[in-house]
Amino acid sequence: MEKFASVAALLLLLCFPVAYSGHDYGQALSKSLLFFEAQRSGVLPRNQRVTWRSHSGLNDGKSSGVNLVGGYYDAGDNVKFGLPMAFTVTMMAWSVIEYGNQLASSGELGHSIDAIKWGTDYFIKAHPEPNVGDGNTDHYCWQRPEEMTTDRKAYRIDPSNPGSDLAGETAAAMAAASIVFRRSNPAYSRLLLTHAYQLFDFADKYRGKYDGSITVARKYYGSVSGYNDELLWAAAWLYQASNNEFYLDYLGRNGDSMGGTGWSMTEFGWDVKYAGVQTLVAKFLMQGKAGRHTPVFQKFQQKADSFMCSLLGKGSRNVQKTPGGLIFRQHWNNMQFVTSASFLTTVYSDYLTSSRSNLKCSSGNVAPSQLLSFAKSQVDYILGDNPRATSYMVGYGNNFPQRVHHRGSSIVSYKVDRTFVTCRGGYATWYGRKGSDPNLLTGAIVGGPDAYDNFADRRDNYEQTEPATYNNAPLLGVLARLSSGHSGYSQLLPVVPAPVVRRPMPIRRPRVTSPVRASGPVAIVQKVTGSWVSKGRTYYRYSTTVINRSPRALKSLNLSIKNLYGPIWGLSRSGNSFGLPSWMHSLQSGKSLEFVYIHSTSPAYVAVSSYTLA
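The structure displayed is predicted, hence computed values, not measured ones. (Residues numbered from 1 in each chain as written. Predicted model: local features only at pLDDT ≥ 70, side-chain atom pairs only at ≥ 80, totals over all residues. Heavy atoms only, no water.)

**Re the overall build of the chain**
Put simply, the test is: Only DSSP runs of H or I covering at least 4 residues are called helices, and only runs of E covering at least 2 are called strands; the numbering of each starts at the N terminus. Burial here depends on accessible area, computed with a 1.4 Å probe over protein chains only, as a share of the maximum for the residue type. Under 20% is buried, over 50% is exposed, and the range in between is partly exposed. Only heavy atoms enter the contact rule, under which two residues are in contact if any of them lie within 4.5 Å. Values of accessible area rely on a 1.4 Å probe in the Shrake-Rupley scheme; residue burial ignores everything except the protein chains shown.
From N to C terminus, the chain includes 18 helices and 13 strands. In the chain, which comprises 614 residues, the proportion classed as buried is 62%. The long-range fraction of contacts in the chain, counting pairs at least 24 apart against all pairs at least 6 apart in sequence, stands at 74%. When the accessible surface of the chain is totalled, it reaches about 24000 Å², and 51% of it is carbon and sulfur.

**Let's talk about the side chain of Arg40**
In plain terms, the rule: Positive charges are assigned to Lys and Arg, negative charges to Asp and Glu, while His and the chain termini are left out of the count. Salt bridge, as applied in this entry: a Lys or Arg side-chain nitrogen positioned within 4 Å of an Asp or Glu carboxyl oxygen.
Its location among the elements puts Arg40 in the loop between helix H2 (25-38) and helix H3 (82-105). One buried charged residue, Arg40, forms no salt bridge at all, with the nearest opposite charge on Glu37 at 4.0 Å. Once you skip the residues sitting within four places of it in the chain, Arg40 turns out to touch Pro45, Gln48, Arg53, Ser56, Gly71, Tyr72, Tyr73, Asp114 and Trp118.

**A look at the state of the cysteines**
Quick reminder of the rule: For this text, the term disulfide refers to a pair of cysteine sulfurs within 2.5 Å.
The final tally for this structure, using the stated rule, is two disulfides. Residue Cys141 pairs covalently with Cys423 via a disulfide, S to S 1.9 Å. Because the sign of the S-S torsion sets the handedness, a value of about -85 degrees for the bond joining Cys141 and Cys423 places this disulfide among the left-handed ones. Of the two residues, Cys141 sits in the loop between helix H5 (135-140) and strand E2 (154-155) while Cys423 sits in the loop between helix H15 (407-410) and helix H16 (425-431), which places them 282 residues apart along the sequence. The burial state of Cys141 is the same as that of Cys423; both residues are buried. Covalent S-S linkage joins Cys309 and Cys361, the inter-sulfur distance amounting to 2.0 Å. The disulfide joining Cys309 to Cys361 has a torsion of about -90 degrees about its S-S bond and is therefore left-handed.

Keep in mind these numbers describe shape, not what the thing actually does.
Now the structure itself:
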């Protein structure tokens, strides 16, 4: 078998094209990664390359008693939406998993991993409060992120307010990222996988759409497809990350009932994941891992084939294209569907080639190379091979958008001029300017042209000129593949350890011996809401709720907290006594106050020292 495997690997190497010429895909790859640095929120690192940006969102989560500093702004606004951010990280991680060697040869593997970790570090903090900012108040203002005055409220999901789609996508992101860090940072990889296990269990147990719980997100990132696709998507990534057949069985048992084998898709993106699930499950089938689930997994692959055929115009229901040949799905940010579909056709082409298979379309068999050629045609269109000769990547080529719908790039850098830009003043002074953006948003993929290849480079034309992180993320793998060719190994080789069959056990949490403590009209409830391992020690995040059960308002509350060995948020402190936060003058009847602390042992002892009733 070893001799045969060596010959097969040589044949695959000879069959794969080395690289494509024409556009400088390596340069486009480097620029596309710079865009993620422009979208960073939080304390920027010393090696930050987009130098016109500065620190921002430094108080995110503070009002909720948690540290939510970090993460990415999703697009041209200053909001951190959890669902598209998680999809962005999943797609960046998938790019590294499939094309890490090509990224390394381009000198961009390190930057790609940094971009992923910027997202996963935030997810660890945000579990389970992933959304920061209010889209309504944010869109009312046009301000730099460094000095925004809009509401930075954090929104969470919990058993009473579920969000299976949001938790499922975040589980997928952390599972995929755990593969990326497996060799370079094993402890961090294990931490990510633990969070992924917990998030999936939560998503599957407490089912519901996240925009029913976080209603402010519905207008901007409504979950139209529901949550079944994210549950399947998360299970697929958890199987790939752990090789735990519990998740393979989950796909086999639920593929039919959750739509994985029923939906023939013509799109893939932050909301609708079915085509991505179908592509991954087809990969498992080609790897010979389906076992008793082979009949179900074959139906997954048939739907994956259907998606690919529709893109090539060889299916029973084909995608719409512009006269210039670009996939066209919708007027608002159509480019997100172009880049995500290009990624799927790229990896599927390599999967099929590695398994020595062809794509099965209604019009007949199609060579895998046609899928890669299709992806190349879409990327070339983005980079300037289109009727307008316009590059839709900012900073690439000679003719690219100059007036991007993006707050940070359209207002003079905070480092250059610290004159305060007011909420509405930003619209009056900067939004309506006819001139080019003062800061170049290098690498950003904007929304793109309409169904007839028309494009208007105006800042107020948000449907076409606004960029988004999830436009760029799928493009990383495609650009790496086009720039450096195929690495010469089978794309179906395993990237996970030996198989196991068990339901994953969550981190053992310390028992909260006295979850409810009452002192007169005041009740205190403690619970563990998170855990992680750092330098061999397990840390726990405790949420403590103080409830006023009196018919009158509670004032001058003093708490005694003993055996506390870590930081605490959400209370004011005076020596060894803790009281209501400075912004809260009283706790009304029937209302509650939550504070949070972190340490590495059993819960602290919290008791009421004194209080007065209004």
